[in-house]
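Read off the chains here:
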Amino acid sequence: MSAETADMAADKTEKVIRIAGSITVDELATALGLSVTALIGELFKNGIVATINQRLDFETAEIMIGELGIEGVRLERKNTATQTSEQRRELSDHAVSRPPVVAVMGHVDHGKTSLLDNLLHKKTVETEAGGITQHISAYQLEHDGRKITFLDTPGHEAFAAIRQHGAMLTDIVVIVVAADDGVKPQTVEAIKFAQGANAKIIVAINKIDREGADVPRTMADLSAHGLQPEEWGGDIMMIPVSAKTGENLEKLLDSILLIADVEELKADVDIPAEGLVIESHMEVGKGSVVNLLVTGGELKVGEFITAGGSYGKVRTMVDFRGKPKGKAGPSTPVTITGFKELPNFGDRFLEQKDEKTARKAALLNAQGAADEAASANVTSTDLLRMMNAEDNSKVFNVIIKGDVLGSVTSVVDSLKMIDTKGEVTLNIVATGVGDITENDVYMAAGDGNTVIYGFNVGVPTNIAKLAARDGVAIRNYRVIYELLDDARNSMEKLLGEEIVETDTGEMKVMGVFRVTKTELIAGGQMLSGRLTPGVLARVKHGKEVLGEAEVESVQKERIDAKELIENEIGGLAMRTEKKINLTVGDRLEFFTREKRQRKLGE
């Protein structure tokens, strides 16, 4: 054991290893305090021949830690937004005040979007399937002559990646908690995200107009999770509000601006425009449509920009209401067109001086990403397939199409989180943004066993007919947890059926009246459980199993009965396939046997 590992054991503290996409064998061994040889040897045992510089993806590293039996170590993904925030330049002496960027987070159905609806006087919840926010939506409003930018983040657990991304973009996090429901798992998750992003926290205790609302109890619940209200000597503003009636919403906005003043939020405007991609998708007639949050400089129509491996010229730019804008300064969310290809969710965008520079920068970025992807050639899918080769592991092939890249990311991440205990391997054949196409169907048909999942996308009539002709399953959903339920059920079907036996009771034989090759008639006392016609009986002489029989009828006091229960005395007739020498004192163990679809994780 290395000194570092020994210290960990002594302190009983958890060690966190942060991985951005992938990690080399050498880096993982060093982080775990192991020799490279030991780690390579463990990989070899599991069918992977690896070199010291070979890269392992996040899931593979996690699997290997489990295989090695190392405790007190936790892996964490380095979020793209975190990297971006670390890359932010130092402010100059000429930096100017900017609007605060506020993320609204909390448990599903606690009223985040309804609260924003009231603030913006704009209905948005009807446009979301099931009333659940499924993308990051950016808005901007004015209060007391000052602007505030809001990010409405998804509440469902499947959107953890997007929600964490939202926290990383923000200065202030408003955590919405329902006064009649209290702290829930996603509330705790939002608190952790906000703290991890070093964002200031305000709690909006919502639904105070409802019966059963208990503000003090909610404050106590929050206090138990590390948020101490100002009223109790802490430093967290907790404001009782009602998204329905509008009560105290002005006070909430005042509190946001107060924190913004204390934090002295600033940005440079005399620098090339920069910021983050918060969403992107394709639209007919417009091409790539990209939502950006400007963090520095001023973005103008006609400028060239890069984001990851994509570049383009800003053709059009509108605000969140669709109103055209000629330029956008720091903390401003805008929607633009003009990218040659869709940039990735979370990519950092930068203004370039001309098209040649933009193209070159995008190529360099794309090459860097390709090199990273190519070097990460040991994936969890490969490892699990090799580890389970002897167990005839099943493979579930899927193609994912989503309306925007953020949706695709969340669907993929959520599918990977379905616990299959290694019995079913998820193989993501391809992903993409936009409607399901002919190429998707051909790709699925070529494999012969691939499901195409669409999320908030269209399926043109000709594509649906093509898929039906080729026997390709297209399953389109608007709510993510319905898609995940379908995927789970599909993977369970790959497991097949199992035989399940359920004990129902036990009898001590007190009399034997008839024994033939195919029939047993006996009587006795029920020791436990229940006896009914149709169950099976295991005949035991001491510990020896003499055979099995099926109970055809039951009698109590020489009259046919529906059942015998514990301590009752009665008789029974059983049918057998071979003669069983039943004697007084033997025991009959009653049970049912049925085929059942296997479930994941069982």
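Quantities reported herein were computed from a predicted structural model and do not represent experimental measurements.

Chemist: Help me out: how do you make sense of the overall build of the chain in this one?
Modeler: Helix and strand counts for the chain stand at 16 helices and 32 strands. Residues classed as buried in the chain amount to 48% of the 602 residues present. For the chain, the share of sequence-separated contacts (at least 6 apart) that also reach a separation of at least 24 residues comes to 71%. By element, 48% of the accessible surface of the chain is carried by carbon and sulfur atoms, the whole surface being about 29200 Å².

Chemist: What is the right way to read the packing of aromatic side chains from this model?
Modeler: What describes a pair of aromatic rings is the distance from one ring centre to the other and the angle between the planes of the rings. Using the criterion set out here, one finds two aromatic pairs in the structure. Ring plane angle 90° and centroid distance 5.5 Å describe the contact between Y139 and F320, whose orientation is recorded as edge-to-face. On the criterion of sequence distance, the pair formed by Y139 in strand β7 (residues 137–143) and F320 in the loop between β17 (310–318) and β18 (327–328) is long-range, its members being 181 residues apart. When the centroid spacing of 6.5 Å and the interplanar angle of 70° are considered together, the rings of F396 and Y453 count as edge-to-face. Remark: Y453 occurs in strand β23 (residues 450–455) and F396 occurs in strand β21 (residues 394–402); sequence separation between them is 57 residues. We note that F396, like Y453, is buried. R538 extends its terminal NZ or CZ atom over the ring of F591, reaching a point 4.1 Å from the ring centre.

Chemist: It is not clear to me how the sheet that holds strand β22 (residues 424–433) should be interpreted in this structure. Could you clarify?
Modeler: Across a sheet, strands are paired by hydrogen bonds formed along the backbone, either parallel or antiparallel in direction. Pairing is parallel in the open sheet, where four strands are placed in the order β22-β21-β23-β24. Two strands in the sheet have a free side with no partner beyond their single neighbour: β22 and β24 (473–477). Ignoring strand direction, the axes of neighbouring strands in this sheet form an average angle of 25°. Of the pairings in the sheet, the one linking β23 to β24 comprises five bridges and is parallel in character. By the bridge assignment, F455 is partnered in β24 with Y477.

Chemist: Is there a simple way to explain the sheet that holds strand β13 (residues 274–283) in this structure?
Modeler: Reading around the circumference, β13-β14-β19-β17-β16-β20 is the order of the six strands in this closed barrel, with antiparallel pairing throughout. Going from strand to strand, the sheet's axes swing by 45° on average, the running direction of each strand aside. Pairing of β13 with strand β20 (residues 348–352) involves three bridges; the strand directions are antiparallel. Across the sheet, the residue bridging to G275 is F349, located in β20.

Chemist: Where do I start with the pattern of salt bridges in this structure?
Modeler: When their charged atoms lie close together, side chains carrying opposite charge are able to pair. Summed over the entire model, instances satisfying the criterion amount to 24 salt bridges. When the shortest N-O distance is used, the salt bridge between E274 and R348 registers 3.0 Å. One end of the pair, E274, is in strand β13; the other, R348, is in strand β20, and 74 residues separate them in sequence. Residue class for R348 comes out partly exposed when judged on its relative accessible area of 25%.

Chemist: I keep staring at the environment of S255 and nothing clicks. Help me out?
Modeler: Mapped onto the secondary structure, S255 falls in helix α10 (residues 249–263). Judged by its relative accessible area of 9%, S255 is buried. The spatial distance from the C-alpha of S255 to the C-alpha of I202 is 8.0 Å, given a sequence separation of 53 residues. Not counting residues up to four positions away in its chain, the partners in contact with S255 are I202, M237 and I239.

Chemist: For this particular structure, what's the right way to read the pairing of β23?
Modeler: Each regular strand displays side chains that alternate between the two surfaces of the sheet. With six of six residues buried, β23 lies mostly within the body of the structure. A two-sided burial pattern is seen for β23, the buried positions comprising T450, I452 and G454 on one face and V451, Y453 and F455 on the other. One ladder, built from six bridges, connects β21 with β23; its direction is parallel. Paired with N397 across the bridge in β23 is T450. Considered for its hand, the β-α-β crossover made up of β23, helix α15 (residues 461–470) and β24 is right-handed.

Chemist: Whenever I open this one, the nonpolar core confuses me. Can you help?
Modeler: Most often, soluble globular proteins have nonpolar side chains that are buried together. The biggest cluster of nonpolar side chains holds 25 residues, and the ones touching the most others in it are L115, F150, I202 and I256. Listed by contribution, the elements that provide at least two residues to this core are β6 (101–106), α6 (112–120), β7, β8 (146–152), β9 (172–178), β10 (200–206), β11 (237–240) and α10. Broken down by element, this core gets its largest block of residues, six residues, from α10. Ignoring anything within four residues of it in the chain, the contact list for I256 reads P100, V102, I148, F150, I172, V174 and I202. Counting residues in each nonpolar core, the second largest holds 24 residues, with F396, V408, V433 and A487 among its members.

Chemist: Explanation requested: the packing of helix α13 (residues 405–416) against helix α16 (residues 480–495) in the structure shown.
Modeler: To characterise two packed helices, one gives the angle between the axes of the helices and the distance between these axes. One way to put it is that α13 packs onto α16 with a least axis distance of 11 Å and a crossing angle of 40°. Classed by the angle they form, the pair α13 and α16 counts as oblique. You can see that α13 and α16 cross each other, and the crossing is right-handed. From α13, S410, V411, S414 and L415 reach across to α16, where they touch I480, L483, L484 and A487. For the contact of α13 with α16, the class distribution of residues is six nonpolar, two polar and no charged.

Chemist: For this particular structure, what's the right way to read the environment of Y442?
Modeler: Along the chain, Y442 turns up in helix α14 (residues 438–447). You can call Y442 partly exposed: its relative accessible area is 41%. Between the C-alpha atoms of Y442 and A467, which are 25 residues apart in sequence, the distance is 8.5 Å. In contact with Y442, not counting residues within four places along its chain, are L466 and D470.

Chemist: Would you take a moment to explain α6 for this structure?
Modeler: Since one α-helical turn is 3.6 residues long, residues separated by three or four positions face the same way. The element α6 is largely enclosed, with a buried count of seven among its nine residues. Buried residues of α6: K112, T113, L115, L116, D117, L119 and L120, and no others. Against the buried residues of α6 lie β6, β7, β8, β9, β10 and α10.

Chemist: In this structure, what is going on with the side chain of D319? I would like to understand it.
Modeler: Tracing the chain through its elements places D319 in the loop between β17 and β18. Despite its burial, D319 pairs with no opposite charge; the closest candidate is K325, at 5.5 Å N-O. At 2.8 Å, the side chain of D319 forms a polar contact with the backbone nitrogen of K323. Not counting chain neighbours up to four residues away, the residues in contact with D319 comprise K325 and P333.

Chemist: What am I meant to see in the packing of α6 against α10 here?
Modeler: Axis separation between α6 and α10 bottoms out at 11 Å; the angle between their running directions is 90°. Taken as axis vectors, α6 and α10 run roughly perpendicular relative to one another. Contacts between α6 and α10 involve L115, N118 and L119 from the first element and L249, L252 and L253 from the second. Of the residues assigned to the contact of α6 with α10, the class counts are five nonpolar, one polar and no charged.

How each quantity is defined
The residue numbers shown here count from 1 along each chain, following its written sequence. Local features are withheld for residues below a pLDDT of 70 in this predicted model, meaning they are given only at 70 or higher, and side-chain atom pairs are given and counted only at 80 or more; totals for whole chains, interfaces and linings count all residues. For the side-chain quantities, the full set of heavy atoms in the structure was used; hydrogens and water were omitted. The helix count covers DSSP runs of H or I at least four residues long, the strand count covers runs of E at least two residues long, and both are numbered beginning at the N terminus. Buried residues are those whose accessible area, probed at 1.4 Å on protein chains only, stays under 20% of the maximum for their type, while exposed residues exceed 50% and partly exposed ones sit between those limits. The contact definition used throughout considers only heavy atoms, calling two residues in contact when any of these lie within 4.5 Å. To measure how exposed things are, a 1.4 Å probe is used in the Shrake-Rupley method; for residues, cover is taken only from the protein chains shown. In summary, the pairing rule links any two rings of Phe, Tyr or Trp, Trp by its six-membered ring, whose centres are within 6.5 Å, and it sorts them by plane angle into stacked for under 30 degrees, edge-to-face for over 60 and tilted for everything else. When the NZ atom of lysine or the CZ atom of arginine is within 6 Å of a ring's centre and also within 35 degrees of its normal, the charge is said to sit over that ring. A pair of strands counts as paired when DSSP detects no fewer than two bridges linking them. Note on geometry: axes are C-alpha line fits, over the in-contact stretch for helices, and angles between N-to-C directions span 0 to 180 degrees. Salt bridge, as used here: a side-chain nitrogen of Lys or Arg that lies within 4 Å of a carboxyl oxygen of Asp or Glu. Here is how to tell: hold the view so the strands point away, follow the path from the first strand over the helix to the second, and if it runs clockwise the crossover is right-handed. Residues enter a nonpolar core if they are buried and are Ala, Val, Leu, Ile, Met, Phe, Trp, Tyr or Cys, with the set joined through side-chain atoms within 4.5 Å. Angles are sorted into four bins: roughly parallel if under 35 degrees, roughly antiparallel if over 145, roughly perpendicular if 65 to 115, and oblique for all others. Definitions for this section: a left-handed crossing has its near helix turned counterclockwise from the far helix by less than a right angle. A right-handed crossing has that turn clockwise. Residue polarity follows a fixed list, in which Ala, Val, Leu, Ile, Met, Phe, Trp, Tyr, Cys and Pro are nonpolar, Asp, Glu, Lys and Arg are charged, and the others, Gly among them, are polar. Only four residue types enter the charge count: Lys and Arg as positive, Asp and Glu as negative, with His and the chain ends excluded. Under the rule applied, a polar contact is a pair of N or O atoms within 3.5 Å (in protein, one hydrogen donor and one hydrogen acceptor; residues adjacent in sequence only if both atoms are side-chain atoms).

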